[in-house]
Amino acid sequence: MSVTRLVEWGVLLGMRKVETVEQMPEEYRQILMKLIYALASTEFASVEQHHPWINRGPTAEDRYIQAQIAADEAHQGFIDCRLLRSFGPDGVALVDDLLRRRMGEHPLDAFNYPFESWVDTVTFCFTMDLVAWYHLHAMENCSYAPLAREMTSMVHEEKFHAAFGARRAGDLVQNPEYARLAGAGKEELQAAVNKWYPRALDTFGKSDSRFSDLAVGYGLRRWNNRELRQMYEQEIDEKIRGLGLEVPPEHLNRKIL
Ligand SMILES: [Fe+2]
Ligand SMILES: [Fe+2]
């Protein structure tokens, strides 16, 4: 999606997009910093999750794609850091905080778990990278032009990660040779889906979040938490059923509703 000059939705509709931190109302600035901080934290956390699986997948393509994904996440994290630093001392403090945190200390729960197996790695890409894609998709052409411009490349990277996960999930159930190489098939994939599905839904945040409504109002996100989770659920549920697997009950093992 290309970046237009004007704000496309919300209370600033029709105005020129925001280009600099100096132009921002204080509330807008606070919400945007929180959004970028949350986004950046997931990028650096996923580098930690993916890197042990670089060069360990069952095929050459699997091994190198994990390297590509880890590189994409690091690159996205550094872009977020550059944006945060442009906010001044409080943005710099957030970057310092981000770069200090390690596995177990990341603010979003789903990013604090190491991948236990190859099927776990594939299922993370299948479920969680699609979550990431929805979050970025919601910020495409947003009211802050520098962020909107970054989305033009980031959304495609996440689509690639999620598509890789979906393809390999399909191979685990439909391609006996791949399942043999991976040491996992339908049963293991179902177990991994059961594990990641509630975490994926939790990652959209609280349904009645004033913060997410304000982000929509300021044109920073196109949809609020509840709407975005519903869109995601519709797509992932269809994909899970398409693999001949069961969709876990919506509220099972959920921590954030
Ligand atoms: Fe990412
Ligand atoms: Fe990703």
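Preceding block: the structure.
Here the structure is a predicted model, which means the values were calculated and not measured.

Peer 1: Talk me through the coordination of the iron ion (ligand 1); I want residue IDs and the actual numbers.
Peer 2: Taken together, the protein ligands of the iron ion (ligand 1) are Glu 43 (OE), Glu 73 (OE), Gln 76 (OE1) and Glu 158 (OE), with distances of 2.0 to 2.2 Å. Read in sequence order, the donor residues coordinating the iron ion (ligand 1) give the pattern E-x29-E-x2-Q-x81-E. In this structure the iron ion (ligand 2) is found 3.5 Å away from the iron ion (ligand 1), and Glu 73 serves as a bridging donor for the pair. Separated by 30 residues along the polypeptide, Glu 43 in helix H1 (residues 26-50) and Glu 73 in helix H2 (residues 60-85) bring together distant segments of the chain.

Peer 1: Describe the environment of Gly 57, naming the residues involved and giving the relevant values.
Peer 2: Examined against the element boundaries, Gly 57 turns out to sit in the loop between H1 and H2. Each C-alpha atom, one on Gly 57 and one on Leu 83, is 34 Å from the other, the two residues being 26 residues apart in sequence.

Peer 1: Give me the state of the cysteines: which residues, what numbers.
Peer 2: For the coordinates displayed, the defined rule picks out zero disulfides. As a non-bridged cysteine, Cys 81 has Cys 142 as the owner of its nearest cysteine sulfur, 18 Å distant.

Peer 1: Requested: an account of the coordination of the iron ion (ligand 2), with residues and values cited.
Peer 2: For the iron ion (ligand 2), the protein coordination sphere consists of Glu 73 (OE), Asp 129 (OD), Glu 158 (OE), Glu 158 (OE) and His 161 (ND1), at 2.0 to 2.7 Å. Positions of the donor residues of the iron ion (ligand 2) along the chain correspond to the pattern E-x55-D-x28-E-x2-H. When its relative accessible area of 1% is taken as the criterion, Glu 73 is described as buried.

Peer 1: For the packing of H1 against H2, give the residues involved together with the corresponding values.
Peer 2: Two quantities define a packed helix pair, namely the angle between the helix axes and the distance between the axes. Orientation of H1 relative to H2, taken along the N-to-C sense of each, is 155 degrees, at an axis distance of 8 Å. One way to sum up the angle between H1 and H2 is to call them roughly antiparallel. The hand of the H1/H2 crossing is left-handed. Across the interface between the two elements, Met 33, Ile 36, Tyr 37, Leu 39, Ala 40, Glu 43, Phe 44, Ser 46, Val 47 and His 50 from H1 touch Gln 66, Ile 69, Ala 70, Glu 73, Ala 74, Gln 76, Gly 77, Phe 78, Asp 80, Cys 81, Leu 83 and Leu 84 from H2. Grouping the constituent residues of the contact of H1 with H2 by class yields 14 nonpolar, five polar and three charged.

Peer 1: Describe in detail the pattern of salt bridges, supporting the description with residues and values.
Peer 2: Evaluated as defined, the whole model comprises 18 salt bridges. Among the ionic pairs, Glu 177 bridges to Arg 180, the shortest N-O distance being 2.9 Å. With a gap of three residues between them, Glu 177 and Arg 180 both fall in helix H6 (residues 176-182), about one helical turn apart. Exposure remark for Glu 177: the relative accessible area of 41% places this residue in the partly exposed category. Linked by salt bridges that have partners in common, Glu 61, Asp 62, Arg 167, Arg 168 and Asp 171 make up one network.

Peer 1: Residue-level account of unusual backbone geometry, with values.
Peer 2: In this structure, Asn 141 takes a positive phi of about 55 degrees despite not being glycine. Along the chain, Asn 141 turns up in the loop between helix H4 (118-137) and helix H5 (145-174). In this model, Asn 253 sits at a positive phi of 60 degrees, which is unusual for a non-glycine residue. Structurally, Asn 253 can be placed in the segment after helix H9 (225-242). Residue class for Asn 253 comes out exposed when judged on its relative accessible area of 57%.

Peer 1: Give a detailed account of the side chain of Ser 41, specifying residues and quantitative values.
Peer 2: Mapped onto the elements, Ser 41 comes out in helix H1. When its relative accessible area of 2% is taken as the criterion, Ser 41 is described as buried. A polar atom in the side chain of Ser 41 sits 2.9 Å from the backbone oxygen of Ala 38. Leave out the neighbours within four places in its chain, and Ser 41 touches Leu 98, His 106, Pro 107 and Leu 108.

Calculation notes
Residues take numbers from 1 onward in each chain, read along the sequence in its written order. Lettering for chains starts from A, numbering for ligands starts from 1, and both go in the order in which the items are written. Thresholds applied to this predicted model are a pLDDT of at least 70 for local features of residues and 80 or more for the giving and counting of side-chain atom pairs; totals over whole chains, interfaces and linings are not thresholded and use all residues. Processing note: side-chain calculations cover all non-hydrogen atoms of the structure and skip hydrogens and water entirely. As a rule, N, O and S atoms within 2.8 Å of a metal are its donors, except that Na, K and Ca use 3.2 Å; water is not among the atoms, so sites may look incomplete. The secondary structure listing takes helices from DSSP runs of H or I that are at least 4 residues long and strands from runs of E that are at least 2 residues long, numbered from the N terminus. Cysteine sulfur atoms that pair up within 2.5 Å are treated as a disulfide. Each residue gets one of three labels from its accessible area relative to the maximum for its type: buried under 20%, exposed over 50%, partly exposed in between, using a 1.4 Å probe on protein chains only. To get an axis, a line is fitted to the C-alpha atoms, and for a helix only the part in contact is used. The angle between two axes follows their N-to-C directions and goes from 0 to 180 degrees. We call two directions roughly parallel when the angle between them is under 35 degrees, roughly antiparallel when it is over 145, roughly perpendicular when it lies between 65 and 115, and oblique otherwise. In this scheme the handedness of a crossing depends on how the near helix is turned from the far one: anticlockwise by less than a right angle means left-handed, clockwise means right-handed. Contacts between residues were defined by any pair of non-hydrogen atoms, one from each residue, lying within 4.5 Å. Residue polarity is assigned by list, with Asp, Glu, Lys and Arg as charged and Ala, Val, Leu, Ile, Met, Phe, Trp, Tyr, Cys and Pro as nonpolar; anything else, Gly included, falls into the polar class. Just to be clear on terms, a salt bridge is a Lys or Arg side-chain nitrogen sitting within 4 Å of an Asp or Glu carboxyl oxygen. A 3.5 Å cut-off defines polar contacts: any pair of N or O atoms within that distance qualifies, except that in protein one atom must be a possible hydrogen donor and the other a possible acceptor, and neighbouring residues in sequence count only when both atoms are side-chain atoms.

Don't take any of this as a statement about function, it's just geometry.
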